[in-house]
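Geometric and topological summary
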Amino acid sequence: MDGKALAAEIKSSVKKDVDKLRAEGVNVGLAIMLVGDNPASRSYYSAILKAGEKVGIRTYEHVFSEDASVNEVLNAVNAINNDERVSGLLVLFPLPSKINSRRVVNKISPDKDIDGLGAMSVGRLAAEESLYQIFSKQPGVDECGLLATGSFIPCTPFGVIRLLEHHNIDIEGKHAVVIGKSLAVGKPLSMMLLAKEATVTVCHKATSDLAFHTKQADIICTATGVKGLIKGDMIKEGSVIVDIGINVGKDGSISGDVDHDSVAEKAGFITPVPGGVGPVTIAMLLENTVRSAYSSTILSSPYQIE
Ligand SMILES: NC(=O)c1ccc[n+]([C@@H]2O[C@H](COP(=O)([O-])OP(=O)(O)OC[C@H]3O[C@@H](n4cnc5c(N)ncnc54)[C@H](OP(=O)(O)O)[C@@H]3O)[C@@H](O)[C@H]2O)c1
């Protein structure tokens, strides 16, 4: 399952939306906050800046050194919340250990929380108030064509759902095994798969026999950061494998959680790493930024979506 082609398609549609909003006098802006010098965050940061520029989204950079205080970071989030040029704010994780990341994401205004990590966004996802986004292709409106209020779902699991649907993979009635239960990936993904009527099993570090579960799965989504965790003898013939993990080797090479060669022999579908979920995550981040711009535009004026 090639993520690059889908990402290009999403970005092209985002560009059209950005141009349409600009013609109406609305510039779409994305703020990105980087604290410290984590190499993975730095590379994600540059990739987002580049992608934003290509689709006409203006980016606002907020970079802090490793020793920034929590007050400085929270003040910056407050300023971004009040910055009318900015539709969405992405804070890159991990933050330095002395900064409580929950305090930071909870300070982001829910209508700018485009990666859906604040308590309000998480709650609205769990309460199925923002899930219309995995059923509607049009940013800003729900599946009935009704106005959608600003609340966003996390970009990586959102991208996984898009990737599966793009490849016409049925989710309804299938047994999906999600490995990893983080707030950014595993947990929201399991909720989205449930909403799409899959039967979902969530595995984690304390799962005693991972292979017992993966062998029964029609769809496996793994997000652990453990290189080679899933091997060919752990999967069912013809199953769908979504590898979300990113592991950077000493030589700079990137691999996922899946032992690609042995798994690809048996899998029906498999995502590559790199070039699978990663590019779609960035595309979804841009799409959520436009979704936010649409929502705030609609809420603050009689702007109509065709
Ligand atoms: N492709 C993308 O766009 C994208 C986006 C985000 C993240 N990622 C990658 O996805 C991976 C996970 O990210 P994250 O933010 O979710 O990480 P995280 O917060 O560290 O969570 C990792 C999860 O994996 C589970 N886990 C760890 N080792 C395991 C094992 N041996 N067996 C079963 N479960 C295990 C952990 O279980 P416990 O909860 O029990 O500790 C935890 O729930 C990382 O490699 C990250 O770089 C990729």
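Residues numbered from 1 in each chain as written. Predicted model: local features only at pLDDT ≥ 70, side-chain atom pairs only at ≥ 80, totals over all residues. Heavy atoms only, no water.

**Considering the pattern of salt bridges**
The following threshold applies: For this analysis, a salt bridge means a side-chain nitrogen from Lys or Arg found within 4 Å of a carboxyl oxygen belonging to Asp or Glu. When accessible area is computed with a 1.4 Å probe and restricted to protein chains, residues below 20% of their type maximum are described as buried, those above 50% as exposed, and intermediate ones as partly exposed.
In this structure the tally under the stated criterion is nine salt bridges. With its nearest N and O atoms 2.7 Å apart, the salt bridge here joins Asp-37 to Arg-42. A residue is classified by how much of its surface remains accessible, and Asp-37, at 52% relative accessible area, is exposed. Classification of Arg-42 by relative accessible area gives partly exposed; the value is 35%. Arg-162 serves as the salt-bridge partner of Glu-287, at 2.9 Å between the closest nitrogen and oxygen.

**A look at the sheet that holds strand β2 (residues 58-64)**
To keep things clear, this is the line we draw: For two strands to be treated as a pair, DSSP must find at least two bridges joining them. Elements are defined by DSSP. Helices are runs of H or I of four residues or more, strands are runs of E of two residues or more, and each kind is numbered from the N terminus. For every element, the axis is a line fit to its C-alpha atoms; helices are fit only across the contacting stretch, and the angle between N-to-C directions ranges from 0 to 180 degrees. The contact definition used throughout considers only heavy atoms, calling two residues in contact when any of these lie within 4.5 Å.
Ordered by their spatial adjacency, three strands build an open sheet running β2-β1-β3, and the pairing between neighbours is parallel. Two strands close off the open sheet at either side, each with one partner strand: β2 and β3 (88-91). Direction aside, the axes of adjacent strands within the sheet are offset by 20 degrees on average. Summarising the sheet, strand β1 (residues 29-35) and β3 pair through four bridges and their orientation is parallel. Paired with Ala-31 across the bridge in β3 is Leu-89. On top of the sheet, helix α2 (residues 39-55) reaches β1, β2 and β3; it is set at about 165 degrees to β1, its chief contact. The sheet contacts of helix α3 (residues 70-81) involve β1, β2 and β3, and relative to β1 the element is tilted by about 180 degrees.

**Let's talk about the environment of Asp-111**
Quick note on the threshold: In the analysis that follows, any N or O atom pair within 3.5 Å is treated as a polar contact, provided that within protein one partner can donate a hydrogen and the other can accept it, and provided that, for residues neighboring in sequence, both atoms belong to side chains.
Inspection of the secondary structure assignment puts Asp-111 in the loop between α4 (101-107) and α5 (119-126). Judged by relative accessible area, which is 41%, Asp-111 ranks as partly exposed. Put simply, Asp-111 and Ala-195 are 84 residues apart on the chain and 22 Å apart in space, counted from C-alpha to C-alpha. A polar contact is formed between the side chain of Asp-111 and the side chain of Ser-109, at a distance of 2.5 Å.

**Quick notes on the side chain of Lys-196**
Summarising the element assignment, Lys-196 is placed in the loop between α7 (186-195) and β5 (199-203). Within the structure, Lys-196 has its side chain in polar contact with the backbone oxygen of Ile-134 (distance 2.8 Å). The contact partners of Lys-196, leaving out residues within four places of it in the chain, are Ile-134, Phe-135, Ile-161, Glu-165, Ile-171 and Glu-172.

**Re unusual backbone geometry**
Cis geometry marks the peptide bond from Phe-93 to Pro-94; its omega dihedral reads 5 degrees. Its place among the elements puts Pro-94 in the loop between β3 and α4. Note that the residue after Val-273, namely Pro-274, is joined by a cis bond; omega there is 0 degrees. Topologically, Pro-274 is positioned in the loop between β10 (269-270) and α10 (277-300). Phi is positive for Glu-128, which is not a glycine, with a value near 60 degrees. Mapped onto the elements of the fold, Glu-128 is located in the loop between α5 and α6 (155-166). Under the relative-accessibility criterion, Glu-128 is labelled exposed at 59%. Within the chain, Glu-197 stands out as a residue other than glycine whose phi angle is a positive 70 degrees. Looking at the secondary structure, you find Glu-197 in the loop between α7 and β5.

**Re the site of the ligand**
In plain terms, the rule: If even one non-hydrogen atom of a residue comes within 4 Å of a molecule or strand, that residue is called near it. The Shrake-Rupley method, run with a 1.4 Å probe, gives the accessible areas here. Residue values count only the displayed protein chains as cover. Throughout this entry, Asp, Glu, Lys and Arg are counted as charged residues, while Ala, Val, Leu, Ile, Met, Phe, Trp, Tyr, Cys and Pro are counted as nonpolar. The remaining residues, Gly among them, count as polar.
As a matter of local geometry, the ligand sits amid 19 residues, with Lys-181, Ser-182, Ile-244, Ile-246 and Thr-281 nearest to it. The separation between an oxygen atom of the ligand and a polar main-chain atom of Ile-246 is 3.0 Å. The fraction of the free accessible surface of the ligand (920 Å²) that becomes covered by protein chains is 69%. Looking at the shell around the ligand, the element that brings in the most residues is α10, giving three residues. When its residues are assigned to classes, the shell around the ligand shows eight nonpolar, nine polar and two charged.

**Details of the domain arrangement of the protein chain**
What counts is decided by this rule: These domain limits were set by an automatic method or by a database of domain assignments. Once two parts are put together, the accessible area they lose, assessed with a 1.4 Å probe and summed over both, is termed the buried area.
Each assigned domain of the protein chain is listed with its residue range as follows: domain 1 (1-116), domain 2 (118-151) and domain 3 (156-275). Each of domain 1 and domain 2 has a C-alpha centre, and the two are 19 Å apart. Opposite the eight residues of domain 1 that make contact, domain 2 presents eight residues. Both faces considered, domain 1 and domain 2 share a buried interface measuring about 550 Å² in area, 51% of it formed by carbon and sulfur atoms. By the criterion of area lost to domain 2, the three top residues of domain 1 are Pro-110, Asp-113 and Gly-116, representing 55% of everything that side buries. At the boundary of domain 1 with domain 2, the tally comes to zero salt bridges. Viewed at the interface, domain 2 and domain 1 are joined by three residue pairs in polar contact (both at pLDDT 80 or more). By residue number, the principal contributor to the side of domain 1 that touches domain 2 is α4, which donates three residues.

**Concerning the nonpolar core**
Test applied: Side-chain atoms within 4.5 Å link the members of a nonpolar core, which is a set of buried Ala, Val, Leu, Ile, Met, Phe, Trp, Tyr and Cys residues.
Ranked by internal contacts, the top residues of the largest apolar core, which has 57 residues, are Ile-57, Leu-164, Leu-193 and Val-242. Counting residues per element, this core draws most heavily on α10, at ten residues. Residue contacts for Leu-193: discarding those within four places in its chain leaves Ile-161, Leu-164, Ile-171, Ala-176, Val-178, Ala-198, Val-200 and Cys-221. In terms of nonpolar packing, the next biggest core, distinct from the first, is built from 20 residues, Phe-64, Leu-95, Val-104 and Val-105 among them.

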